[in-house]
Amino acid sequence: MAQTIKWLRVAAIAALLGCTAIAWLVVPIVVSVYRANVEDAASPTIASDDEQQKILRTLIETIKDEDISPLPHPGGDHEVGSQQKKPLFLFDRSVVICGTAGRGSRGEECSKEVDDSALVLVDNRIPKALIRDLVAGNARAYAMPDPGAGTVVMAKRKEIEEVLAAGGWKRFYELFQHSGGFVSATRTVLSPDGTYALIYVEYGCGAVCGSGRLYYMTRKDSSWKIEQSYRIWDS
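Bear in mind the structure is a predicted one, so any value in this text is a computation, not a measurement.

A.B. asks: Kindly report on the environment of Ile 60, identifying the contributing residues and their values.
C.D. replies: Within the secondary structure, Ile 60 sits in helix α2 (residues 49–66). Between the C-alpha atoms of Ile 60 and Pro 147, which are 87 residues apart in sequence, the distance is 9.3 Å. When near neighbours in sequence (up to four residues on either side) are disregarded, Ile 60 contacts Pro 147, Thr 151 and Val 152.

A.B. asks: Tell me about unusual backbone geometry, residues and numbers included.
C.D. replies: If you check the backbone angles, Asp 221 has positive phi at about 60° while not being a glycine. Within the fold, Asp 221 resides in the loop between β7 (209–220) and β8 (223–234). Given a relative accessible area of 76%, Asp 221 falls into the exposed group.

A.B. asks: Go over the nonpolar core, please, and point to the residues and values.
C.D. replies: Ranked by internal contacts, the top residues of the largest apolar core, which has 31 residues, are Ile 55, Leu 56, Leu 59, Phe 172, Ile 199, Val 201 and Met 217. Counting residues per element, the ones that place at least two in this core are α2, β2 (88–91), β3 (152–155), α5 (157–175), β4 (182–185), β6 (196–206) and β7. Non-local contacts of Phe 172, meaning those with residues more than four positions away in its chain, are made with Phe 89, Ile 160, Val 163, Leu 164, Ser 179 and Gly 181. Ile 97, Val 189, Ile 232 and Trp 233 belong to the second largest nonpolar core, which has 17 residues in total.

A.B. asks: Go over the pattern of salt bridges, please, and point to the residues and values.
C.D. replies: When charged atoms on two side chains of opposite charge get close, those side chains can pair. According to the stated counting rule, one finds eight salt bridges in the structure shown. Its salt-bridge partner being Lys 54, residue Asp 50 comes within 3.5 Å of it at the nearest N-O pair. With Asp 50 and Lys 54 both in helix α2 and four residues apart, this pair spans about one turn of that helix. What makes Lys 54 partly exposed here is its relative accessible area of 23%. The salt bridge partner of Asp 133 is Arg 132, with a shortest N-O separation of 3.6 Å.

A.B. asks: Describe the packing of aromatic side chains, naming the residues involved and giving the relevant values.
C.D. replies: Going through the model one piece at a time under the given rule, you end up with nine aromatic pairs. Pairwise contacts between aromatic rings join Phe 89, Phe 91, Trp 169, Phe 172, Tyr 173, Phe 176 and Phe 182 into one cluster.

A.B. asks: Can you break down the pairing of β2 residue by residue, with the values?
C.D. replies: Burial along β2 is two-sided: Leu 88 and Leu 90 and Phe 89 and Phe 91, pointing in opposite directions, are all buried. Across four bridges, β2 lies against β3 in parallel orientation. Residue Phe 89 lies in a different strand from β3, and its bridge partner there is Val 153. Bridge count for β2 against β4 is two bridges, and the pairing is parallel. Note that in β4 the partner of Leu 90 across the bridge is Val 183.

A.B. asks: I'd like to hear about the environment of Asp 193, residue by residue, with values.
C.D. replies: Secondary-structure assignment places Asp 193 in the loop between β5 (189–190) and β6. Residue Asp 193 is classed as exposed on the basis of its relative accessible area of 55%. Linking Asp 193 and Thr 45, residues 148 residues apart in sequence, is a C-alpha distance of 9.8 Å. Within the local environment of Asp 193, its side chain forms a polar contact with the side chain of Ser 191, the two groups lying 2.7 Å apart. A polar contact of 2.8 Å, which involves the side chain of Asp 193, links it to the side chain of Thr 195.

A.B. asks: I'd like a rundown of the confidence of the model for the protein, residues and numbers included.
C.D. replies: With 66% of its residues at a pLDDT of 70 or more, the protein shows a mean pLDDT of 77. Here helix α1 (residues 2–40) stands out as the element of the protein with the lowest mean pLDDT, 52, in contrast to β5, whose mean of 97 is the highest. Note that pLDDT drops below 50 for residues 26–39; the model gives that stretch one contact with residues more than four away or on any other chain. The model gives residues 67–81 a pLDDT under 50, and that stretch makes 30 contacts with residues more than four places away or in other chains.

A.B. asks: Give me α5: which residues, what numbers.
C.D. replies: Look at α5: only 15 Å from first C-alpha to last across 19 residues, short of the 27 Å you get at 1.5 Å a residue. Along its length, α5 shows its largest kink, about 120°, at Gly 167. Looking at the buried residues of α5, the elements they touch are β2, β3, β4 and β6.

Conventions and cut-offs
Residues numbered from 1 in each chain as written. Predicted model: local features only at pLDDT ≥ 70, side-chain atom pairs only at ≥ 80, totals over all residues. Heavy atoms only, no water. Helix = DSSP H or I, 4+ residues; strand = E, 2+ residues; numbered from the N terminus. Contact = heavy atoms within 4.5 Å. Buried < 20%, exposed > 50% of the residue type's maximum accessible area, 1.4 Å probe, protein only. Core = buried A, V, L, I, M, F, W, Y, C linked by side-chain atoms within 4.5 Å. Salt bridge = Lys/Arg side-chain N within 4 Å of Asp/Glu carboxyl O. Phe/Tyr/Trp six-rings, centres within 6.5 Å; stacked < 30°, edge-to-face > 60°. Pairing = 2+ DSSP bridges. Polar contact = N/O pair within 3.5 Å; in protein donor to acceptor, adjacent residues only side chain to side chain. pLDDT = per-residue confidence, 0-100. Expected span 1.5 Å × (residues − 1). Bend = angle between axes of the 7 residues up to and from the residue.

Below you can see the structure in the form of structure tokens.
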């Protein structure tokens, strides 16, 4: 009996030592994997209101010059270039980019035109880490600062969306005859050193008039320059 107890004690000590040895081997690996995942996780740097305003001013002029198609007037005629002369509405709330959940982190409605899967195929010249940050940083809506550009007028997103839902673009232009459509954008995310920026912008001007683009930008002294744009969708 005493011999049996002795061997049981030896076995228990051996098991304890074995578990300790395994723990010494496994724990560092687990910690290492955890740290790697944390380091790889998105930690977006959201642009300040001042930076957002500067970037929006640059982009609005680009959109006005390049992305606007002439719209049919209520009578059915087309006035080429007419939209470029009209101010755009800029939504007061930013675009929400969603993943498989289908809703923003605060239950907000996502963009109907783009989600995180649409951004996976973006040109490799735009850093994937910045794209990841753009998605993570825009899982909820933010207030959009007024860029102070004479070509845009701030508008409440909810009110414009209600007009479009109730009467479509025909009703929109009945109510806002002097508008050239609307612009809606995410909050800009910056690279860790603050020299690069990425923003997604939607422009809408009709049922078959609009586009969505990613803009990859570089800082030039106190201003921003478009380095590359990537068209996500067209209508």
